[in-house]
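Here is how the chains run, residue by residue.
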Amino acid sequence: MPAVTQLIPNFLGGVSRQNDDKKLLGQVTECVNGYPDPTYGLLKRPGMKHTNVLKKANGTAFTKAELDGSAWFFIERDAAGSYIGAIKGTNIYIWTADTGTFCTVTNNGTSYLTGSTQNDYHFRSVQDVTVITNKTVTTAMQAAGTFVPNAVATLKLTSLVDAYSYEVKIQNIATTVTAQNSTTFDDMLVYDGSSINTNHHLVDAIKALIDAQHAASNSDFDGVWYLESYTDSLVIKRTTGTNAVVTDFSATTGTDVTFSIEAKGGADNLSLIAFQDNVNTITELSAESFHNHTVKVLNTNSADDDYHLKYVAYNNLRGRGYWQETTSRDVSSGFNAATMPYQLENTGALTFAFNPIPWKARETGDNVTSPLPSFIGFPIQSTFFYNNRFGVLSQDNIIFGVSNDSFNFFVKSALTQVDSDPIDLNVSSVRPVTLSDVLPSPQGLLLFSARQQFQVYSTDVSILTPTTALIRSLSNYEMAADIPPADVGTTSTFVTRVQGYSKLFTMELRDVEESPLVVDISKIVLEWIPSTVDSLTVSPQNSVIMLTDSSTSYLYLFRYFNNGEKNLFQAWTKWKLPGSIQTSKIINDSAIIVSQHEDEYTIGSIILDEIPTGSSVTGSTSITGNTCLDMATRPVSPAVGVSPVVYDITNDVSKIYIPYTPFQQKEAIMLLNVPEADEGTDAVVDADSGFYLSANARTEIGTGYKYFEVKGDFTSYADGIVVGYGYDLEVTMPKFYFKRDPTTSDYSAILTISRVKFSIGRTGAVLFKIKAGGSKEWQNVDYVIEDNSYISDSSPVTSEHQFTIPIHQRNTNFELKVTSNFPYPVSLVAMTWEGIYSPRFYKRT
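A brief look at the structure comes next. (Residues numbered from 1 in each chain as written. Predicted model: local features only at pLDDT ≥ 70, side-chain atom pairs only at ≥ 80, totals over all residues. Heavy atoms only, no water.)

**Let's talk about the overall build of the chain**
Broken down by element type, the chain carries three helices and 65 strands. Relative to its length of 845 residues, the chain is extended, with a C-alpha radius of gyration of 40 Å against a globular reference of 28 Å. Considering the chain as a whole, with its 845 residues, one finds that 52% of them fall into the buried category. Counting only carbon and sulfur atoms, one obtains 48% of the accessible surface of the chain, whose full area is about 36,900 Å². Treating the 60 positive side-chain charges of the chain as one cloud and the 88 negative ones as another, the clouds have centres 11 Å apart. (Helix = DSSP H or I, 4+ residues; strand = E, 2+ residues; numbered from the N terminus. Rg over C-alpha atoms; globule rule 2.2 N^0.38 Å. Buried < 20%, exposed > 50% of the residue type's maximum accessible area, 1.4 Å probe, protein only. Areas by Shrake-Rupley, 256 points an atom, 1.4 Å probe, with all protein chains shown as cover. Lys, Arg positive; Asp, Glu negative; His and termini not counted. Charge placed at Lys NZ, Arg CZ, Asp CG, Glu CD.)

**Points about the packing of aromatic side chains**
One pass over the full model with this rule turns up 47 aromatic pairs. Aromatic pair Tyr83 and Phe352: ring centres 5.0 Å apart, planes at 85°, arrangement edge-to-face. In this pair, Tyr83 is assigned in strand β9 (residues 83-88) and Phe352 in strand β27 (residues 351-356), connecting sequence segments 269 residues apart. With respect to class, Tyr83 is no different from Phe352; both count as buried. Between Phe384 and Phe400, the aromatic rings sit 5.5 Å apart at their centres with planes inclined by 80°, giving edge-to-face as the arrangement. With Phe384 in strand β28 (residues 382-386) and Phe400 in strand β30 (residues 397-400), this pair connects stretches of sequence that are 16 residues apart. Every member of this aromatic cluster is reached through a ring pair, and the members are Phe335, Trp359, Phe375, Phe385, Phe390, Phe407, Phe409 and Phe410. Above the ring of Tyr727, the side-chain terminus of Lys44 is found at 4.8 Å from the ring centroid. Its guanidinium or amino end placed over the ring of Phe62, Lys56 lies 5.7 Å from that ring's centre, counting from NZ or CZ. (Phe/Tyr/Trp six-rings, centres within 6.5 Å; stacked < 30°, edge-to-face > 60°. Lys NZ or Arg CZ within 6 Å of the ring centre and 35° of its normal.)

**A few points about the side chain of Thr175**
Mapped onto the secondary structure, Thr175 falls in strand β16 (residues 173-178). Those residues within four positions of Thr175 in sequence are excluded, and the remaining contacts are Tyr166, Glu167, Val168, Ala205, Ile206 and Leu209. (Contact = heavy atoms within 4.5 Å.)

**Structural notes on the nonpolar core**
Most often, soluble globular proteins have nonpolar side chains that are buried together. The biggest cluster of nonpolar side chains holds 52 residues, and the ones touching the most others in it are Trp572, Phe736 and Phe758. Here Phe736 is in contact with Ile8, Leu751, Ile753, Val756, Asn811, Phe814, Leu816, Met831 and Trp833, once residues within four sequence places are set aside. Judged by nonpolar contacts, the second largest core, of 34 residues, contains Tyr35, Ile593, Leu608 and Val710. (Core = buried A, V, L, I, M, F, W, Y, C linked by side-chain atoms within 4.5 Å.)

**Describing the environment of Ile423**
Tracing the backbone shows Ile423 in strand β31 (residues 423-426). Taking the C-alpha atoms as reference, Ile423 lies 9.6 Å from Val411; in sequence the two are twelve residues apart.

**Section: the sheet that holds strand β32 (residues 435-441)**
Read across the open sheet, the four strands follow the order β32-β33-β34-β35; overall the sheet is antiparallel. In the strand order of this sheet, the two ends are held by β32 and β35 (469-475), each with one partner. Averaged over all pairs of adjacent strands, the angle between strand axes in this sheet comes to 25°, irrespective of strand direction. Both strand β34 (residues 453-458) and β35 contribute to a ladder of six bridges, which runs antiparallel. What sits directly across from Val456, in β35, is Ile471. (Pairing = 2+ DSSP bridges. Axes fitted to C-alpha atoms, helices over the stretch in contact; angles between N-to-C directions.)

**A few points about the sheet that holds strand β26 (residues 342-348)**
With respect to topology, eight strands assemble into an open sheet ordered β8-β9-β10-β11-β27-β26-β13-β12, the strand pairing being mixed. Edge positions in the open sheet fall to β8 (71-75) and β12 (121-126), since each of these has one partner strand only. For this sheet, the mean angle separating the axes of adjacent strands, direction not counted, is 25°. Two strands pair when backbone bridges link them, and β9 and strand β10 (residues 91-96) are joined in this way by six bridges, in the antiparallel orientation.

**Some details on the pairing of strand β46 (residues 600-607)**
On a regular strand, each side chain points to the face opposite its neighbour's, so the side chains alternate between the two faces of the sheet. For β46, the buried fraction is high: seven of the eight residues fall into the buried class. Sheet topology note: the strand β7 (residues 49-53)/β46 ladder contains four bridges and is antiparallel. The residue of β46 that forms the bridge with Lys49 is Ser605. The pairing of strand β45 (residues 590-597) with β46 spans eight bridges and is classified as antiparallel.

**Digging into helix α3 (residues 202-215)**
Between the first and last C-alpha of α3 there are 20 Å, a value that for 14 residues agrees with the 20 Å anticipated at 1.5 Å per step. Burial runs high along α3: ten of the 14 residues are buried. Inspection of α3 places Leu202, Val203, Asp204, Ala205, Ile206, Lys207, Leu209, Ile210, Gln213 and His214 among the buried residues, and these make up the whole buried set. Among the residues trailing α3, Ser217 stands out with phi positive, at a value near 60°. (Expected span 1.5 Å × (residues − 1).)

**Comments concerning the environment of Ala151**
Its location among the elements puts Ala151 in the loop between β13 (129-134) and β14 (152-157). Judged by its relative accessible area of 1%, Ala151 is buried. Remark: the alpha-carbon pair of Ala151 and Tyr83, spanning 68 residues in sequence, is separated by 57 Å. Setting aside chain neighbours within four positions, we find Ala151 in contact with Ile236, Lys237, Arg238, Asp256, Val257, Thr258, Phe259 and Gln276.

**Let's talk about the state of the cysteines**
Counting across every chain of the model gives zero disulfides. Cys628 supplies the cysteine sulfur nearest to Cys31, a cysteine that is in no disulfide, at a spacing of 14 Å. Residue class for Cys31 comes out buried when judged on its relative accessible area of 2%. (Disulfide = S-S within 2.5 Å.)

**Comments concerning the pairing of strand β23 (residues 294-297)**
Here strand β22 (residues 278-279) runs beside β23; their pairing, made up of two bridges, is parallel. Across the sheet, Asn278 pairs through a bridge with Lys296, a residue of β23. Note: β23 against strand β24 (residues 307-313), four bridges, orientation antiparallel. Bridge pairing in β24 links Val295 to Leu309.

**What to know about the environment of Tyr35**
Looking at where Tyr35 falls in the secondary structure, it is placed in strand β5 (residues 34-37). Taking the C-alpha atoms as reference, Tyr35 lies 8.4 Å from Leu557; in sequence the two are 522 residues apart. If we ignore the near neighbours within four places in the chain, the residues touching Tyr35 are Gly41, Leu42, Leu43, Arg45, Asn542, Val544, Leu557, Arg559, Trp575, Leu608 and Asp609. For Tyr35, the side chain forms a polar contact with the side chain of Asp609, separated by 3.0 Å. (Polar contact = N/O pair within 3.5 Å; in protein donor to acceptor, adjacent residues only side chain to side chain.)

**Here we look at the side chain of Thr819**
Topologically, Thr819 is positioned in strand β64 (residues 814-820). Take Thr819: its relative accessible area is 6%, and that puts it in the buried class. With sequence-adjacent residues up to four places away left out, Thr819 is seen in contact with Leu729, Glu730, Val766, Leu767 and Lys769.

So this is what it looks like as structure tokens:
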């Protein structure tokens, strides 16, 4: 039975749910509040510094009921800072992420805020604007325009020949004039209000016809008739009203009334033509008309080549203008903005405005030549910006707006298609698909749904256009559609829920024609991540993926380190935070946490890669350095004239006032640190650097002031006090087996563990616990005390230390756990175990 020893070089393997004899070197059974780091080893996670309590405009804190069930979102910006938002009922609340300052929101869209859960909303922020989409609202168009057909007619005179007759038939009653040598276009078409000669003046003849029918009480001619002449045409319009014939179109009143008209003249009967709502070709149009006169050009019998023109008169001047492409008279001009996504605009450092988006109106065509976007009549699931286009997802369709024209989803011309026109694509899958979100990539735009993933790309590897855009299916993985996927540097990640637990996948794209590489990175912790996780946030620069379970106090964190060729390590761990997590987001290397405890909500931040020095420096309101306390805060003055730290001489206690409501029945910690003004000096406060005491939560009767209470007088140390709550690092070791190589354990041999030696760096006090086989209780086990020295009046954190723990148990008879609930960092670097190994006389081959 030889004495053996084996080294576990690091603890960067994270949690593994495999059997202990299958675990790789460096993997552990459980890890709570750990943070694997390739430089320092397995660290105790940094503490969460308290930022602020979520307050209203009047300075009072929101209660639990007032924000319960809110839809939370973040607005990420760089130099201008980031914001935290919440939608509760029809209200939108915004706070700054760095200070928790309340922002004013001018809410002009309360009717749109009908969602009741987090999943009812989608948020997309670009620069100063956040587009908020209510997934429960069905989109709609504005009411279509009203149009009375054949209420306007144009008589166009193409030629004038002496002695030829010209006939106009209105309501099947005809009038005829004959051209003479002296007859001019003006004679035929201009009416000056007096009778000239109806024998060869067409306009007079028409007026005489209408007047005669009015006199005869012919109801087919009831109403007001308007005659307006131009160089080559005469326009006739009919409305309701007292029977009359007038020439002033600007005086038009009443409702349009339909009438019929026919015209012929000249040698071929084509010298005088009449048209009302439609013309066959553009050559039939008159050169001039009245402002906004709209005519449809048919071209052929197919509706696909129809288009509409309106006459635009310069400054409404009669007969001076041009024909311009426009929309049909009987179609909707645009979206009903009340049913479309709204925008939350950052109008100032602390001000926002929530308004309908100014959607671009349809300017040309009809429902055939300028079709409605496919999302009309359906809810919109999400919005995005890609390739200079604003886009939306709805059902199984992706719709891109006009290029470089935000919020425009209609074609520029019904005459021809241009590259900047909208793009409306269907995924055309045999599976039932509802697209939920997108992620950009160098190979194209990734589309995600609950059961399938797709890619939108351009066939000629240039800009995306209606003729080059294609969709192809990428993969068929189930995804939790209520958790938006995230981009982790060069890969994408998404969550899948199965019965009782969740999985996390990464997707790495290859060439356009190749299938992506999809990996289940949560396989090693199968059934460890609960099915209740509901948000995903990432930090590519820190190689961190974080899952939040808002029904508990836990975060599930995956971290890896890639050297450019492969992952040198990848590890799972979970964090337990104070309070119930509402939402989280990693912004600029800090995890911003909104949590709820007692009857209020707080903002906290955890700096991910804070070097574990063990020392901290306090400012008047700030803390820098690695303070291993949650809800860590400086004492604050509760009122004008009241000191942040007050000594009660009667009870010999110091009251340390804090900005949030303490947890009931939970002991806090007061920690003395180096104040900024005394850093590097021999000030008195430096003498207690690293000293801490337990603190009890109190509320001052009559004032409601909240404070921690510690025994003794600490008023002179107020500049260096930090208070908060301690948290436990718990790393449960797997059973130790003799390994012949890093992947093969000899589980059939007899192995007795004599002692375990831990190499620990940048570490304060740690505890070691052991649990006998079959027992449910952990017992403290003392490590071997070694001679050592320390610098007096300094932080009790050593840069390097070794602990030897006597075990003397068979490897299957105990469990070992490393813990630390002290407000100091811990860095587990490596471990060596020593024992007696018996292979039972069998030769291993």
